[in-house]
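Residues per chain, in single letters:
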Amino acid sequence: MIYQHKNLTLDMNDNKGKLYVNGWLRFMGDHYVAIQMMLRFSENHPDVRHMFRHQLEMREKPRFTHSERSAKKDATPVTK
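Residues numbered from 1 in each chain as written. Predicted model: local features only at pLDDT ≥ 70, side-chain atom pairs only at ≥ 80, totals over all residues. Heavy atoms only, no water.

**A few points about the overall build of the chain**
Working step 1: Check the secondary structure of the chain and you find four helices and four strands.
Working step 2: The buried share among the 80 residues of the chain stands at 29%.
Working step 3: When contacts within the chain are restricted to residue pairs at least 6 apart in sequence, those whose partners lie at least 24 apart make up 26%.
Working step 4: By element, 53% of the accessible surface of the chain is carried by carbon and sulfur atoms, the whole surface being about 6,600 Å². (Helix = DSSP H or I, 4+ residues; strand = E, 2+ residues; numbered from the N terminus. Buried < 20%, exposed > 50% of the residue type's maximum accessible area, 1.4 Å probe, protein only. Contact = heavy atoms within 4.5 Å. Areas by Shrake-Rupley, 256 points an atom, 1.4 Å probe, with all protein chains shown as cover.)

Okay, here's the thing in structure tokens:
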């Protein structure tokens, strides 16, 4: 699949993602890293985020329950 936004092209057809900026290859490697780089080059443009919303949701940070957060706070030492 090929994704395009302005001067950015992301080719995810092979085993590796290839990010082109102004026709020049800027990155070739892991698909998720290529997506992150495309987001950076587009300055986190909403259209680009929308293109990759499913992949980004899959890699979301885990959400902790309230009890786990409070336990973590209690475990951190307080320095004065």
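What follows continues from the structure just given.
**What about the nonpolar core?**
Working step 1: Ranked by size, the top nonpolar core spans 16 residues in total, and within it Leu10, Met12, Leu19, Ile35, Met38, Phe52 and Leu56 carry the most contacts.
Working step 2: Broken down by secondary-structure element, the contributors of at least two residues to this core are β2 (8–11), β3 (17–21) and α1 (31–41).
Working step 3: The dominant element in this core, judged by the number of residues it contributes, is α1, at six residues.
Working step 4: Leave out the neighbours within four places in its chain, and Ile35 touches Leu10, Met12, Phe52, Gln55 and Leu56. (Core = buried A, V, L, I, M, F, W, Y, C linked by side-chain atoms within 4.5 Å.)

**Regarding the pairing of strand β1 (residues 2–5)**
The side chains of a regular strand alternate between both faces of the sheet.
Working step 1: In β1, alternate side chains face the same way, and those of Tyr3 and His5 are buried while those of Ile2 and Gln4 on the opposite face are not.
Working step 2: Hairpin connection of β1 to β2: two residues between the antiparallel strands, including Lys6 at a positive phi of 50°. (Pairing = 2+ DSSP bridges.)

**As for the pairing of strand β4 (residues 24–29)**
Working step 1: One ladder, built from five bridges, connects β3 with β4; its direction is antiparallel. Opposite Leu19, over in β4, you have Phe27 as the bridge partner.
Working step 2: The loop that links β3 with its antiparallel partner β4 comprises two residues; one of these, Asn22, has a positive phi angle of about 55°.

**Re unusual backbone geometry**
Excluding glycine, a negative phi dihedral is what most residues carry, and trans is how most peptide bonds are arranged.
Working step 1: The phi dihedral of Lys6 falls on the positive side, at around 50°, and the residue is not glycine.
Working step 2: Here Lys6 shows up in the loop between β1 and β2.
Working step 3: Relative accessible area serves as the criterion here: at 74%, Lys6 is assigned to the exposed category.

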